[in-house]
Each structure stands twice: as C-alpha cells, then as structure tokens.
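# Descriptive structure summary
Chain by chain, the residues:
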Amino acid sequence: MRLPITPAEIAPRLATGAFILNSGLGKRHADEATAAGLHGFASGAYPFLQKTSPAAFAKNLSTAEIAIGVALLTPFVPTAVAGAALTGFAGGLLGLYLRTPGLTKPGKSVAPTQDGLPVSKDVWMLGIGLGLLTQAAAARRARRA
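A brief structural summary. Quick caveat, the model's predicted, so the values are computed rather than measured. (Residues numbered from 1 in each chain as written. Predicted model: local features only at pLDDT ≥ 70, side-chain atom pairs only at ≥ 80, totals over all residues. Heavy atoms only, no water.)

Once that is clear, we can look at the environment of Gln 50. Looking at where Gln 50 falls in the secondary structure, it is placed in the loop between helix 2 (32-45) and helix 3 (54-73). Considered as a pair, Gln 50 and His 39 are eleven residues apart in the sequence and their alpha carbons are 7.8 Å apart. Ignoring anything within four residues of it in the chain, the contact list for Gln 50 reads His 39 and Ser 43. (Helix = DSSP H or I, 4+ residues; strand = E, 2+ residues; numbered from the N terminus. Contact = heavy atoms within 4.5 Å.)

Spelled out as structure tokens, the structure:
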C-alpha cells in the first residue's frame, strides 16, 4: 500500500505537526488566567469570538491545534487535507498578527515590532501549508497525465 505523502513532505509535516500538537496539548488544561489571555488576544482581532467564554475558547483552540497536529503527523492523512488545515490555521494566526495594534510597525508596514515578532514568525507555517497544497496539486496533475 502506498502512503498518500512523499518523502519530501515528511520533514515539514513532522516539524509543524509536532510544534502545533505540543501547543495544543499545552493549552488543554489552561487555567482561567491563561484562557482569558488567549481569548482576549484573539477576540481583539476577531470580535465574533467575544461571544465565546474564555474557557470554551481555550478548549476549542486546544482541540483544533491537537487535531491539526495529529493530521500533519499521520502519514495516512492526504497532503491536500493536511495542507489545507495548516494553511487555514496559519492564515488565522497571521490575521491575528495583522489586526492587533502594536504588532506591526507604524504605517502600512507588515514588518513586526518587537512585540509582534513572536506572532509574525508563524508565517513559516503558512509557507509550509501552501507548499503542501502545491505538492498535492502537482501530484494530482501528474497522476492525471
């Protein structure tokens, strides 16, 4: 049986999957202060999240991170599925970065401030997600040819 991933996909899937899974597991039993901090940060950028309690938000975020991490680490999950999940997650993180005042330099800049640097680095996950989607599309085209 052939796995739905190629050897070139293993390293980026392992790196991002382990990182995101660890992050999700770390939030699984977040205390009230941690949950409130996560919720406040996210709802500042995405106001619709204000309708969710901080505890529910932290639990949902943890679950999503665990699911995405496991999908990336599981070789039976097709590259297109894992890449789409990672791209969506990373896009949300970068939206958080771009919408939160003080994380980018003044003006129309996307360059991070010192406070924005820890969040701006998530652009690597977007690049890996887009790379996985590109790989899946190229593999699909090659199979059709």
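Within the structure shown, the criterion is met by two salt bridges. For Lys 27, the salt bridge is made with Glu 65, and the minimal N-O distance between the two is 3.1 Å. Separated by 38 residues along the polypeptide, Lys 27 in helix 1 (residues 7-27) and Glu 65 in helix 3 bring together distant segments of the chain. Like Lys 27, the residue Glu 65 is buried in the burial classification. A salt bridge links Lys 121 to Asp 122; its shortest N-O distance comes to 2.6 Å. Residue classification places Lys 121 among the partly exposed residues on the basis of a relative accessible area of 36%. (Salt bridge = Lys/Arg side-chain N within 4 Å of Asp/Glu carboxyl O. Buried < 20%, exposed > 50% of the residue type's maximum accessible area, 1.4 Å probe, protein only.)

Turning to the nonpolar core, a few remarks are in order. Core analysis: the largest hydrophobic core is formed by 19 residues, its most contacted members being Ile 20, Leu 72, Leu 86, Phe 89 and Met 125. Contributing elements (two or more residues each) for this core: helix 2, helix 3, helix 4 (79-99) and helix 6 (123-144). Here this core takes six residues from helix 4, the largest share from any one element. (Core = buried A, V, L, I, M, F, W, Y, C linked by side-chain atoms within 4.5 Å.)

Residues Arg 2, Arg 140, Arg 141, Arg 143 and Arg 144 make up a contiguous surface patch of positive charge. Within the secondary structure, Arg 140 sits in helix 6. Owing to a relative accessible area of 38%, Arg 140 belongs among the partly exposed residues under this scheme. (Patch = residues over 30% accessible without salt bridge, like charges linked within 9 Å, V, L, I, M, F, W, Y side chains within 5 Å. Areas by Shrake-Rupley, 256 points an atom, 1.4 Å probe, with all protein chains shown as cover. Lys, Arg positive; Asp, Glu negative; His and termini not counted. Charge placed at Lys NZ, Arg CZ, Asp CG, Glu CD.)

Here we take up helix 3. Taking 1.5 Å per residue, 20 residues should reach 28 Å; helix 3 reaches 28 Å between its end C-alpha atoms and fits that length. Residues of helix 3 that are buried: Phe 57, Ala 58, Leu 61, Ser 62, Glu 65, Ile 66, Ile 68, Gly 69, Ala 71 and Leu 72. Each element contacted by the buried residues of helix 3 is listed here: helix 1, helix 2, helix 4 and helix 6. (Expected span 1.5 Å × (residues − 1).)

This brings us to the side chain of His 39. Position of His 39 among the secondary structure elements: in helix 2. For His 39, the side chain forms a polar contact with the main-chain oxygen of Leu 49, separated by 2.9 Å. (Polar contact = N/O pair within 3.5 Å; in protein donor to acceptor, adjacent residues only side chain to side chain.)

This part takes up the packing of aromatic side chains. All told, the structure shown has two aromatic pairs when counted by the stated rule. Both rings, one in Phe 19 and one in Trp 124, keep their centres 5.5 Å apart while their planes meet at 80°; by these two values the pair is edge-to-face. One end of the pair, Phe 19, is in helix 1; the other, Trp 124, is in helix 6, with 105 residues separating them in the sequence. Judged by relative accessible area, which is 38%, Phe 19 ranks as partly exposed. Of the residues examined, Trp 124 reaches a relative accessible area of 30% and is grouped as partly exposed. (Phe/Tyr/Trp six-rings, centres within 6.5 Å; stacked < 30°, edge-to-face > 60°.)

This brings us to the packing of helix 3 against helix 4. For any two helices packed against each other, one specifies the inter-axial angle together with the distance between the axes. At their nearest, the axes of helix 3 and helix 4 sit 9 Å apart, and the two run at 145° to each other. For helix 3 against helix 4, the interelement crossing comes out left-handed. Taking contact as the criterion, the partners of Leu 61, Glu 65, Ile 68, Ala 71 and Leu 72 in helix 3 are, on helix 4, Ala 82, Ala 85, Leu 86 and Phe 89. (Axes fitted to C-alpha atoms, helices over the stretch in contact; angles between N-to-C directions. Left-handed = near helix turned anticlockwise from the far one by under 90°.)

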